[in-house]
Amino acid sequence: MSQDSKRARAGDDGVLVARLIAGEASAFGELVDRYHARMVRIAMGFVADRTVAEEVVQDTWLVVMTGLEGFEGRSSLATWIYRILANRARTRAVRERRSVPFSALGGDDDDGALAGRFDEVGHWSSPPRGWEVEDPEKLCLRREAMEVLKRAMDTLPANQRLVVMLRDVEGLEADEVCNILEVTETNQRVLLHRARTRLRTVLEEHLG
Amino acid sequence: MKAMLTCAEVTELVTSYLEGEMAWRRRVAFRLHLGWCRHCRAYLRQMRSTVRVLGRVPDEPIPTEVRDELARRLAAMRKK
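Now for a look at the structure at hand. This structure is a prediction, so every number in the text was calculated from the model and none was measured. (Residues numbered from 1 in each chain as written. Chains lettered and ligands numbered in written order. Predicted model: local features only at pLDDT ≥ 70, side-chain atom pairs only at ≥ 80, totals over all residues. Heavy atoms only, no water.)

### Some points on the packing of helix α2 (residues 25–47) of chain A against helix α4 (residues 77–95) of chain A
Residues and elements named next belong to chain A.
Turning to step 1, where the next piece is worked out: In the contact formed by α2 and α4, the axes pass within 10 Å of each other and the chain directions differ by 35°. Viewed along their axes, α2 and α4 form a crossing whose handedness is right-handed. Residues Leu31, Tyr35, Arg38, Met39, Ile42, Ala43, Phe46 and Val47 of α2 lie in contact with α4, whose contacting residues are Leu77, Ala78, Ile81, Tyr82, Leu85, Ala86, Ala89, Arg90, Arg92 and Ala93.
Turning to step 2, where the next piece is worked out: Among the residues forming the contact of α2 with α4, the class breakdown is 15 nonpolar, no polar and three charged. (Axes fitted to C-alpha atoms, helices over the stretch in contact; angles between N-to-C directions. Helix = DSSP H or I, 4+ residues; strand = E, 2+ residues; numbered from the N terminus. Left-handed = near helix turned anticlockwise from the far one by under 90°. Contact = heavy atoms within 4.5 Å. Nonpolar A, V, L, I, M, F, W, Y, C, P; charged D, E, K, R; others polar.)

Quick look at the structure:
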């Protein structure tokens, strides 16, 4: 995320928090609209069951709303919310006894998104196909492409999905994501790499 | 460290490159390769587009009944 957009978001956060604390009803709606669906997706990275994930998110909202006055703005609002969410999701996963340590969720093996695309000396044998539309500004307006991308995200291994959602969809910084997910920078980068490689391939299949 | 990278290696390194997490010698080799390989240039461009498009995934508004339930629970908590 650029410095300008970080500053803009910090400004947005401050205003939104002030409105929330003042009890402005529409501020609450704005906040949940902004974060809810993403929080469910992230919770599902920990607990797998959608109903449980929804419950975890509901619990998180209650913690967030009651803790709002204590939010000091040292991190972004998003980081703060996701940290609370990750903690609750981890706790719930343990209770559900479906917990698998994050690191054991795999997803950092090469799943072969580019298998067969190179020859024996490492040159492209099947080079990247040109895309119908490459400009991201135009691409994000294509509903079908966005649907394909969202579906592909849902089929990623859970920890790859978590990293790419927090880094690329949400725009959090690498160190924030490492903090929230309790993984090393290297691990985070490998997961991000695998996720992005898969997602680029998916878009290429759709647009090439 | 090898001076020349293969296309396969470039695709493996692309995330490190975009993250700025690359030793300068390797970065030079990476850029050299891009200079003469249009396929890898295309790949990098597509990777950048993918990342930018991900940043534009639209928010899905919270379903009404979920939001109402949340508001109810919040109000109940505040009464305590």
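### Concerning the environment of arginine 95 of chain A
Turning to step 1, where the next piece is worked out: Here arginine 95 of chain A shows up in helix α4.
Turning to step 2, where the next piece is worked out: Remark: the alpha-carbon pair of arginine 95 of chain A and glutamate 147 of chain A, spanning 52 residues in sequence, is separated by 33 Å.

### Description of the pattern of salt bridges
When the charged atoms of two side chains with opposite charge come close together, those side chains can pair.
Turning to step 1, where the next piece is worked out: Within the structure shown, the criterion is met by 22 salt bridges over all chains.
Turning to step 2, where the next piece is worked out: Each of Arg19, Glu24 and Glu30 of chain A takes part in a single network of salt bridges with overlapping partners. (Salt bridge = Lys/Arg side-chain N within 4 Å of Asp/Glu carboxyl O.)

### Let's talk about the nonpolar core
Turning to step 1, where the next piece is worked out: By size, the foremost hydrophobic cluster in this structure holds 70 residues, and its most contacted members are Leu31, Trp61, Leu77, Ile81, Tyr82, Met153 and Leu181 of chain A.
Turning to step 2, where the next piece is worked out: It is α2 of chain A that contributes the most residues to this core, eleven residues altogether.
Turning to step 3, where the next piece is worked out: When neighbours within four sequence positions are excluded, methionine 153 of chain A is seen to be in contact with Arg161, Val164, Met165, Val169 and Leu199 of chain A together with Leu54 and Val57 of chain B. (Core = buried A, V, L, I, M, F, W, Y, C linked by side-chain atoms within 4.5 Å. Buried < 20%, exposed > 50% of the residue type's maximum accessible area, 1.4 Å probe, protein only.)

### Digging into unusual backbone geometry
All names here are of chain A.
Turning to step 1, where the next piece is worked out: One non-glycine residue, glutamate 182, adopts positive backbone phi at about 60°.
Turning to step 2, where the next piece is worked out: Along the chain, the position of glutamate 182 falls in the loop between α8 (174–181) and α9 (185–207).
Turning to step 3, where the next piece is worked out: A residue is classified by how much of its surface remains accessible, and glutamate 182, at 56% relative accessible area, is exposed.

### Structural notes on empty space enclosed by the protein
Turning to step 1, where the next piece is worked out: For the coordinates displayed, the defined rule picks out one cavity of 30 Å³ or more.
Turning to step 2, where the next piece is worked out: What the largest cavity holds in volume is close to 60 Å³.
Turning to step 3, where the next piece is worked out: If you trace the largest cavity, you find it lined by Ala37, Arg38, Arg41, Met153, Met165 and Val169 of chain A together with Val57, Pro58, Asp59 and Glu60 of chain B.
Turning to step 4, where the next piece is worked out: Elements supplying a minimum of two residues to the lining of the largest cavity: α2 and α7 (158–169) of chain A.
Turning to step 5, where the next piece is worked out: A per-class count over the lining of the largest cavity returns six nonpolar, no polar and four charged. (1 Å grid on protein atoms, 1.4 Å probe; cavity = no way out; pocket = protein on both sides within 12 Å on 5 of 7 lines; lining within 4 Å. Points joined across faces, edges and corners; volume = space filled by probe spheres on them.)

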